[in-house]
Structures are given as structure tokens and as C-alpha cells.
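Here are the chains, one letter per residue:
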Amino acid sequence: PEWTFAMIKPDAVRKGKAQEIKQLIEIHGFHIIADQKIQLTRTRAQEFYAEHHGKAFFEHLVDFMTSGPVFALVLSKHDAITGWRKLMGPTNSISARETAPKSLRAMYGTDGTKNACHGSDSPTSAGREVKFFFPALVIE
Ligand code: ATP
Ligand code: MG
């Protein structure tokens, strides 16, 4: 199987939806092979989202991602990277409610920034992001 990095973002955690989202993750055939509840500092959030540095929404994104704890997860499944992004749905939770109403972002997210979850967009990102949150993890 393939693995990917997933995050349950502060809006969904604040709404008390983290356990429900983890149950849906497992119902959809993913195994949760690492799970950590953590609070990001500004420095760590800026580093995690370095590719978006300089974009108009960057500071707002960092404010949001440091507004409360997140769950950092490693998921495994055949085609985990694309499968998890499909289950999350479109980036913007408001438009997701129109185009993909059963997606996690539609069901649990708030708007274009507060969108309930994150997923790596490629094997390279997955490797970087797993190492960022779980530097000592050995995946066999
Ligand atoms: P993620 O990387 O969180 O899985 P994504 O790959 O769908 O989401 P990116 O383009 O990588 O989206 O953007 C990272 C995050 O930045 C988004 O999940 C969202 O929280 C925020 N974001 C992206 N685009 C915008 C925007 N136009 N306005 C406000 N916030 C945005
Ligand atoms: Mg992304």
C-alpha cells in the first residue's frame, strides 16, 4: 500500500469532529498508522506551508493553522494520496457543499481557508510532510 500525510485542521477539531472524521477515514479503507494531536507554532506553520509564502492568504492561513490543536495522521491504503484527496474534496468548503456534498471538506469545513483537513498532493510532499511531523517514524 501507499501512504500519505493527513491533517485534521483546527476548525474541525474545535467543532468536536476529529473522532468522527477518523471513523470515516477507516470506513473508507485507510489504516491510521500514526496519530498525534499537536499545536503548531507560527514558525512551524510557516515552514509547513512554505510553498504558499508571499500569497495573499498566507498570514490568514498561518493564523488559522495556529488557532488550536490539529491531528497529524499518516494514512495507508492502495492509492492513498489521490484517494485521500478525493475523500477530502475541493479546497473551498463552501463550493464543496455544491460540487461534492459528501466530501469531508463539505461536511466539516467552514470556508476557503478553514477547510477541515489537509492531504499531501504528491509522493514527494507526502515524504516531506510525514518527516516534518513524525521524524522518527519507520514505515514498513
Ligand atoms: P491542503 O494543502 O491543505 O491539503 P489544497 O492542496 O487543496 O489543501 P493548497 O492550494 O495547497 O490547497 O492551499 C493550502 C491551504 O491554504 C488550503 O487548504 C486552504 O486552507 C488555504 N487556501 C488555499 N487557497 C486559498 C485561498 N484562495 N484563499 C484562502 N485560503 C486558501
Ligand atoms: Mg496543498
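Residues numbered from 1 in each chain as written. Chains lettered and ligands numbered in written order. Predicted model: local features only at pLDDT ≥ 70, side-chain atom pairs only at ≥ 80, totals over all residues.

Draft legend 1. Inspection of the UniProt feature "active site" (unreviewed entry) in the protein chain at higher detail. Mapped onto the present numbering, the UniProt feature "active site" (unreviewed entry) falls on H118. Secondary-structure assignment places H118 in strand β4 (residues 117–119). According to the C-beta neighbour criterion, H118 is buried, with 21 such atoms within 10 Å. Aside from chain neighbours lying at most four places away, what touches H118 is A6, M7 and K9. (UniProt positions renumbered as here; feature names shortened; annotations may be inferred. Helix = DSSP H or I, 4+ residues; strand = E, 2+ residues; numbered from the N terminus. Buried ≥ 20, exposed ≤ 12 C-beta atoms within 10 Å, placed from the backbone. Contact = placed C-beta atoms within 7 Å.)

Draft legend 2. A look at unusual backbone geometry. Even without being a glycine, D79 presents a positive backbone phi close to 55 degrees. One can find D79 in the loop between β3 (70–77) and α5 (80–88). Classification of D79 by C-beta neighbours within 10 Å gives exposed; the count is 11. A positive phi is found at A116, a non-glycine position, where the angle reads about 70 degrees.

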